[in-house]
Amino acid sequence: MAPQPRVVIIGAGIVGCATADELTRRGWTDVTVLDQGPLFATGGSTSHAPGLVFQTNPSKAMAEFARYTVEKFSALSVGGVPGFNQVGGLELATTAERFTELHRRHGWTAAWGIEAQVIGPEECARLHPLIDPGKVLGGLYVPTDGLARALVSAEAQAQAATARGAVFKGHHEVLDIRVTGGRVTAVVTPHGEIPADLVLCCAGIWGPKITKMVGMRLPLTPLAHQLASTGPVPALAGQARSRQPQDALHPILRHQAADLYIREWFDRISIGNYGHRPLPIRAEDISPVEDAPDMPSMLPFTEDDFTEAWNATRELFPLVGETKVEEGFNGLFSFTPDGMPLMGPAPQVEGFWVAEAVWITHSAGVGRAMAEWLVGETPSVDLHECDVNRFEPHQRGPEYVLRRDCQNYVEIYDVIHPLQPMDEPRPLRTSPFHPRQRELEAYFLEAAGWERPQWYAANAGLVAGRDIPAPGEWASRYWSPIVAAEAQVTRERVALYDMTALKRIEVAGPGALAFLQRLTTGNLDKSVGSVTYCLLLDEHGGIRSDVTIARLSESLFQVGANGMLDVDWLQRHAPADVAVRDVTAGTCCVGVWGPQSRDLVQPLTEDDFSAEGLRYFRAKQTYIGTVPVTALRLSYVGELGWELYTTADMGLKLWDTLWAAGQRYGVIAGGRGAFNSLRLEKGYRSFGTDMTYEHDPYEAGLGFAVRLDKGDFVGRAAVEGRRTPRRRLTCLTLDQVVMGKEPVHHAGRPVGYVTSAAWGYTIGRGIAYAWLPAELAIPGTTVQIGYFDGMIPAVVTDEPLFDPAMERLRA
C-alpha cells in the first residue's frame, strides 16, 4: 500500500476547510491547513460573506456544486448553531424582459434537477413581507436555497477533519513554497518549513500572490463588492434578535435588473450591490492581517457608489424607506475571465494544485470535487469548465485578466445570450483570412480570442427565393437568414469555411506512435497519410476530448483537438522522447466543402484528389497553387471536401487562390451559423457541449471510435464492460429552434436536457441533441422541450438526419 501523501492546504477559509474534510473522509489524513489569520475568521472572503446560496446557474457543474453545498451545510452545526438556514430563494422580475428570463432560468433548474417554480406577484408578496405585489411581475422561487453560515460551516468541517487527523494552524503566513526537481517539497512559514508532497492553494483573494511563488500566473482579480446594512425595518419588527433565534425567516432575494440582492438580518436587511463601478485591487496590495482595521478583505464603504442601489431598493421595497443605511463595507471577492472557478494542477510544477475563485455557494461541492480528483476517485461532477489549465496564453495576461474580470463583475446579473461574445478586449486573434472576411462583410463572434465569422453580409443576395423560417425572438439574436442561405449553398455548390480556431497540436519523436496509442482509443498504427477519429479518455472512462489525428510521417502526427486542456493533457503524459507542441497560432486552416469542391481544388494541384487518389480519412502533403498544404479529406459538415492547412504566412495566398478558382462554381464563404446547422444534420458531436468528462463513449454514440482490439489505452479497463448505457445522447426533431440547456420532459417530469440545437436547413426541421434515459432514446418516442414558459413537442429520430449512407462524403 502506497504511503499517504503529505498534504498542505493554504487557506483555512470555506474551501480549504471543505477540502480538508473531504480528503480526510477518503482516508488522506496527513493534512495540514495553514492560514495567515486567526482560525476560523481568518480575514478572507469567507469571514465577511453574506452567505446567500442561490443554486440556479446555467452551468450544470456550478448547479451541482451548489446543490451539494446546500445538502452538506444543512447537516452541519457548531455549538447548536446550524450551518444553513433554508429560507428559500426568490429572484424577482419587474420588467417583461426579466420575467421572460426567469422562465429561462427555471428551465435550468428543471434541467439540473433542482426544485423551483415561477410564481406570480401575490405569491411573491406572501413569501416576503417587504414585497409590494404591485411592483413585481413575478419571481423564480427555489425552496431549497437559503443562507449559509459560512464561519459555522467552515469550523464544522474543520472539526470533522481534525477528528480524522488533520491539523489546522492559524497565524501561519506562507512565505515561500520550496520546489526541487520540478515538484513541491515544502511550505515555508515564519514558524519553520512544513514538508509537503502536495500543496493545494485555497488562498482566495491572495491566490495570485501564492501561485507566483511557484511561477504560476493565476487569472484572478480581487474586486470590492458593496454590502450595506440598514437599521431596524418596521415591517420586520417581530424578528428582532431578542424575540427569535433565526437570523432570517423569509427567502433571500435577488433583483437582478437593479444589480441587487437582499437578505434579512433579524429585523434589519443587508443589501448587496453589483451596480457600482468595478473596484479591483492587486493581491499584493491587500493589507496584512495585523494592519487591517477590521479584516483585510473588508475595505471602507464608498457611499457615493451605493446611492443608486439604495434608491432602487426603496423603489422596489417601499417599506424599507422607513429606515436608513447604518453601515456598510466594500468586501473583496475573486473574479475570473470567464466567471468560473480555477481548479486543478499547476501546469509546470508537480504537486502544486489550486482551488480558487470559489464562493460560499459552491464551496462544499468544489471541496468534494477536489478531494475526488486528488485521491483518484471517479469525479461526481464534470470539471472541464473549471480546470485552471483551460486558458489560452493570451487569456492569462495581466491586462486581459483585469479587463475581463472587471467586465464579468459588471455583467454578473445581466441577461446573457448563449452566443453573446465579449465586447472587449477585441479583436485579439485574427486568422490570415481576416482581411478578405472583412471585405465580405463578415459578422464576427469570438472563440478563444479568435474573430470567427458567424455569417457574411456579402451573401445577402442568396436569400431571395429560399424558404427560410425565422426563429423566435431569442433564437433570432446573433442570427440572420443569410445563415440558412450559406448552409443550403454549401450543400448545392461549394463554400470556404475558416477553421483556424480549431486547436492544432503537433506530436513528434521516436515514441510518438506508442504515446498516442496509449492515450487514445483509436488504432494509429497505420500507414503514413492515415487519419483517425478517436477519443481521449480519463482513467474512469470519461470522455476528455474527441480528436482527429493525421499521421504525417513515421514519427510526426497532427492532432486536431478542442482546446488548451488537450494540450495540457498530452504534455503531462508525454515521455521524454516525445515533443508535444501547440502549433495553432502559426498555422491556419480552410475547409473547402460542397459537391463541387473537387472541381475547384483539383485543377490547382498536380496531385490526384480523386476518390481513389485521396480517399476519405486520408491526408496528403501537397501544393495548392504556390501554397504548401496538408490536405485532410474529411468534413465536419457532411459534404465532399478537404481541410487544407498551411502556415500563417501563406494563409491569405491560399484563400485568394481558392477564391479565384471558385468563382466559376459560385463559391461562397460560409460562417459558423451555417456550419453548426450542417454538422447537426450529420449528427457530429461537439466536445464540451454534447459530451464531457461525465459521459462515456457508448452513451455519447461514439463507441465506433473505441478500438478494444488494439491493446491497452487510458480508460480501457473502465469502458470494457459498458455496452448497455443507462442514458444516451439522442437526436430530436421539432418544429422550432431552441438554444441548448433546456429541460426535456416526458410524462410530465424532466428527464434530460438539450445540448446542441439548430434549424436544419436541408431537412427543414429543428434539430436538438439531448441526454435522455436509454429507455426513452428510442426512435418515435415523443418528448417535450421546456422553452421559456412553453413546451415544444419533439420526437426521437434516427441519426444521421442527412446522407446516412455517407454517399456525399465519400463521393
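In what follows, the structure referred to is the one given above.
Residues numbered from 1 in each chain as written. Predicted model: local features only at pLDDT ≥ 70, side-chain atom pairs only at ≥ 80, totals over all residues. Heavy atoms only, no water.

### A short note on the overall build of the protein
In terms of helices and strands, the protein carries 18 helices and 42 strands. Taken against the 2.2 N^0.38 rule, which gives 28 Å for 811 residues, the C-alpha radius of gyration of the protein at 28 Å falls within 12% of a compact globule. Taken along its principal axes, the extent of the C-alpha atoms in the protein is 90 × 65 × 50 Å. The contacts in the protein between residues at least 6 apart in sequence include a share of 72% that link residues at least 24 apart. (Helix = DSSP H or I, 4+ residues; strand = E, 2+ residues; numbered from the N terminus. Rg over C-alpha atoms; globule rule 2.2 N^0.38 Å. Contact = heavy atoms within 4.5 Å.)

### Quick notes on the environment of Gly367
Mapped onto the elements of the fold, Gly367 is located in helix 9 (residues 363–375). Gly367 gets classed as buried once you look at its relative accessible area, which sits at 0%. Sequence-wise, Gly367 and Arg314 are 53 residues apart; in three dimensions their C-alpha atoms are separated by 38 Å. Excluding residues that lie within four positions of it along the chain, Gly367 makes contacts with Ala18, Thr19 and Glu22. (Buried < 20%, exposed > 50% of the residue type's maximum accessible area, 1.4 Å probe, protein only.)

### Observations concerning the nonpolar core
Counting 68 residues, the largest nonpolar core has Ile9, Phe65 and Phe168 as its most contacted members. Beyond its immediate stretch of four places on either side in the chain, Phe65 contacts Met343, Thr361, His362, Gly365, Val366, Ala369, Val381, Leu383 and Cys386. Residues Ile468, Ala484, Val754 and Ala768 belong to the second largest nonpolar core, which totals 51 residues. (Core = buried A, V, L, I, M, F, W, Y, C linked by side-chain atoms within 4.5 Å.)

### What to know about the pairing of strand 26 (residues 495–498)
Side chains of strand 26 alternate between two faces, with Ala495 and Tyr497 and Leu496 and Asp498 buried alike. In terms of strand pairing, strand 26 meets strand 32 (residues 587–593) through 4 bridges, oriented antiparallel. Among the inter-strand pairings, Asp498 is bridged to a residue of strand 32, identified as Val590. (Pairing = 2+ DSSP bridges.)

### Notes on the packing of helix 1 (residues 14–25) against helix 3 (residues 60–73)
Remark: helix 1 packs on helix 3, axes separated minimally by 14 Å, with the N-to-C direction vectors making an angle of 75°. It follows from the interaxial angle that helix 1 and helix 3 lie roughly perpendicular. Residues Ile14, Ala18, Asp21, Glu22 and Arg25 of helix 1 form the contact with helix 3, whose participating residues are Tyr68, Lys72 and Phe73. The class makeup of the residues in the contact of helix 1 with helix 3 is 4 nonpolar, no polar and 4 charged. (Axes fitted to C-alpha atoms, helices over the stretch in contact; angles between N-to-C directions. Parallel < 35°, antiparallel > 145°, perpendicular 65-115°, else oblique. Nonpolar A, V, L, I, M, F, W, Y, C, P; charged D, E, K, R; others polar.)

### Thoughts on the sheet that holds strand 6 (residues 84–85)
With antiparallel pairing, the 3 strands of this open sheet are ordered in space as 3-10-6. Edge positions in the open sheet fall to strand 3 (52–53) and strand 6, since each of these has one partner strand only. Sheet topology places strand 3 next to strand 10 (residues 146–148); 2 bridges connect them, and they run antiparallel. Bridge pairing in strand 10 places Val53 opposite Gly146.

### Side note on the sheet that holds strand 38 (residues 743–746)
Judged by pairing direction, the barrel is antiparallel, and its 6 strands sit side by side in the order 37-40-39-38-41-42 before closing back on the first. On average, each strand axis in the sheet is inclined to that of its neighbour by 45°, with strand direction left out of account. Direction of pairing for strand 37 (residues 727–734) relative to strand 42 (residues 790–796): antiparallel, over a ladder of 3 bridges. Within strand 42, the position partnered with Leu734 by the bridge is Ala794. Helix-sheet contacts for helix 17 (residues 672–681) involve strand 39 (749–760) and strand 40 (765–773), and the interaxial angle to strand 39 is about 120°.

### A look at the pairing of strand 33 (residues 619–624)
Here strand 33 pairs with strand 34 (residues 627–632) via 6 bridges, running antiparallel. Residue pairing in the sheet places Ile624 in a bridge with Val627 of strand 34. Taken together, strand 33 and the strand that follows it, strand 34, pair antiparallel across an intervening segment of 2 residues, in which Gly625 is found at a positive phi of about 60°.

### Brief notes about helix 16 (residues 651–662)
An α-helical turn contains 3.6 residues, so any two residues separated by three or four positions project in the same direction. Here helix 16 contains 12 residues, and its C-alpha end-to-end distance of 16 Å stays within 8% of the 16 Å for a straight helix at 1.5 Å per residue. All of the buried residues along helix 16 are Gly651, Leu654, Trp655, Thr657, Leu658, Ala661 and Gly662. Take helix 16 and look down its axis: the buried residues cluster within an arc of 165°, on one side only. (Expected span 1.5 Å × (residues − 1). Arc of directions from axis to C-beta.)

### Focus on the environment of Glu91
The topology assignment puts Glu91 in strand 7 (residues 89–93). The spacing of Glu91 and Ile252 is 161 residues in sequence and 8.4 Å in space, taken between C-alpha atoms. Every residue in contact with Glu91, bar those within four places of it in the chain, is listed here: Phe54, Thr56, Leu102, Arg105, Gly138, Gly139, Leu140, Arg254 and Gln256. Engagement of the side chain of Glu91 in a polar contact is seen with the side chain of Arg105, the distance being 2.7 Å. A polar contact is formed between the side chain of Glu91 and the side chain of Gln256, at a distance of 2.9 Å. (Polar contact = N/O pair within 3.5 Å; in protein donor to acceptor, adjacent residues only side chain to side chain.)

### Comments concerning unusual backbone geometry
Cis geometry is adopted by the peptide bond preceding Phe40, which originates at Leu39 and carries an omega value of 0°. With respect to the element layout, Phe40 can be found in the loop between strand 2 (31–34) and helix 2 (45–48). Pro800 follows Glu799 through a cis peptide bond whose omega is 0°. With respect to the element layout, Pro800 can be found in the segment after strand 42. Backbone geometry at Ala357 places phi at a positive 55°, although glycine is not the residue there.

### A closer look at helix 1
With 12 residues, helix 1 should reach 16 Å at 1.5 Å per residue; the first-to-last C-alpha distance of 17 Å fits that figure. The element helix 1 is extensively covered by neighbouring structure, given that 11 of its 12 residues are classed as buried. Downstream of helix 1 by a residue or two, Gly27 has a phi angle that is positive, lying close to 95°.

### Regarding the packing of aromatic side chains
The tally for this structure, following the rule as stated, stands at 25 aromatic pairs. With centroids separated by 5.2 Å and ring planes inclined at 55°, the aromatic side chains of Phe609 and Trp642 adopt a geometry described as tilted. Highlighted residues: Phe609 in the loop between helix 15 (597–601) and strand 33 and Trp642 in strand 35 (residues 641–647), separated in sequence by 33 residues. Taking relative accessible area as the criterion, Trp642 reaches 0% and is therefore assigned buried. The rings of Tyr261, Tyr274, Phe333, Phe335, Trp359, Tyr409 and Tyr413 are connected pair by pair, giving a single aromatic cluster. (Phe/Tyr/Trp six-rings, centres within 6.5 Å; stacked < 30°, edge-to-face > 60°.)

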